[in-house]
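Below are the chains, spelled out letter by letter.
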Amino acid sequence: MRIDLHTHSTVSDGTDAPGEVMARAAEAGLDVVALTDHDTTAGWAEASAAALEHGVVLVPGIEISCRAGGVSVHLLSYLHDPSDAALLAELDLTRESRLHRAHRMVELLAQDLPITWADVEAQTEPGTTVGRPHVADALVALGHVPDRSAAFDSLLATGSPYYVPHHAPDAVTAVRLVRAAGGVPVMAHPAASVRGAVVGEATIRRMADAGLAGLEVHHRDHTGSQTEHLLDLAHSLGLLVTGSSDYHGAGKPNLLGERTTAPEVLERIVDQGRWPVVGR
């Protein structure tokens, strides 16, 4: 059984619609795939219908943007109740902050480069959670940078004069919110220092004490030594170990199924979650 528990669609910063992610997952030979768009469940319905059509099992999820001591942390939530009021309120606040942040970054960029908000909107679909990746795509379309990665490494990087922060819940608080909503929280790419600063073990231990279920150990942004260290840490804390592609379609080079999760780990996630998987 091939299981990929981290993908994105056009509902957030992927380039494939939710249904297309399911179709591509089937083409890639996956048996199970999680849709984990940033801070929203808006793609669940389309993905659910497509999963049934294409014969793959869907694990509904999200990826929550958090912070710990000023460092960005990404938390995957699987199988939570999408109507949970407390979690919804936090996600709404984050999405609204992302939108304001994107507007402000475009205003700053426009002081030096020809770019408008309409250019950013042209890179989104109706209902998309607009964020920095869409600003990056606009910069690519306008010819200011060669690709999304180059935009994040230069004009949109933390420390750039065009960078603007956005609201994000504390990572420990987010873990508790996910658990209260019946979800299963797994920390995404916890050692991905190629993306910037990462939190230390003390923060991960606090998250574990709050109810963290697992670590996304097998990820393309982890080196071999980082993977080994995370395996040891997960074992010492009694956490699940997952592996995922972090697929974004054409937005990133990540390929569906390039990292996978063991079936027994999926079973434990399903056992802990309140919401059902689709197509099982």
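From a predicted model like this one, the values you see are computed outputs, not experimental measurements.

What counts and what doesn't
Residues numbered from 1 in each chain as written. Predicted model: local features only at pLDDT ≥ 70, side-chain atom pairs only at ≥ 80, totals over all residues. Heavy atoms only, no water. Helix = DSSP H or I, 4+ residues; strand = E, 2+ residues; numbered from the N terminus. Contact = heavy atoms within 4.5 Å. Pairing = 2+ DSSP bridges. Axes fitted to C-alpha atoms, helices over the stretch in contact; angles between N-to-C directions. Parallel < 35°, antiparallel > 145°, perpendicular 65-115°, else oblique. Left-handed = near helix turned anticlockwise from the far one by under 90°. Buried < 20%, exposed > 50% of the residue type's maximum accessible area, 1.4 Å probe, protein only.

> Before we move on, could you go through the side chain of E90 and cite the residues and values that matter?
Residue placement: E90 occurs in helix α3 (residues 85-109). In this view, E90 contacts H167, P169 and L177; residues no more than four positions away in its chain are not counted.

> Could you give an account of the sheet that holds strand β6 (residues 214-218), naming the residues involved and the relevant values?
Pairing in this open sheet of seven strands is mixed, and the strands run β1-β2-β3-β4-β5-β6-β7 from one edge to the other. The sheet is open, and its two borders are formed by β1 (3-4) and β7 (240-243), each paired with just one other strand.

> Hey, could you go over the packing of α3 against helix α5 (residues 132-141) for me, with residue numbers and the actual values?
Orientation of α3 relative to α5, taken along the N-to-C sense of each, is 30°, at an axis distance of 9 Å. Taken together, the axes of α3 and α5 are roughly parallel relative to one another. The way α3 lies across α5 gives a crossing that is right-handed. Here α3 contributes R101, A102, M105, V106 and L109 to the contact with α5, which in turn contributes R132, V135 and L139.

> Go over the pairing of strand β3 (residues 57-68) with me, naming the residues and quoting the values.
Along any regular strand the residues' side chains alternate between the sheet's two faces. Of all twelve residues in β3, eleven are buried, a share of seventy percent or more. Here strand β2 (residues 32-38) pairs with β3 via seven bridges, running parallel. Note on β3: the bridge partner recorded for V32 is V57. Strand direction decides the pairing type here: β3 and strand β4 (residues 71-78), joined by eight bridges, are antiparallel. Paired with E63 across the two strands is L76, which belongs to β4. Two successive antiparallel strands, β3 and β4, enclose a turn made up of two residues, where G69 displays a positive phi of approximately 60°.

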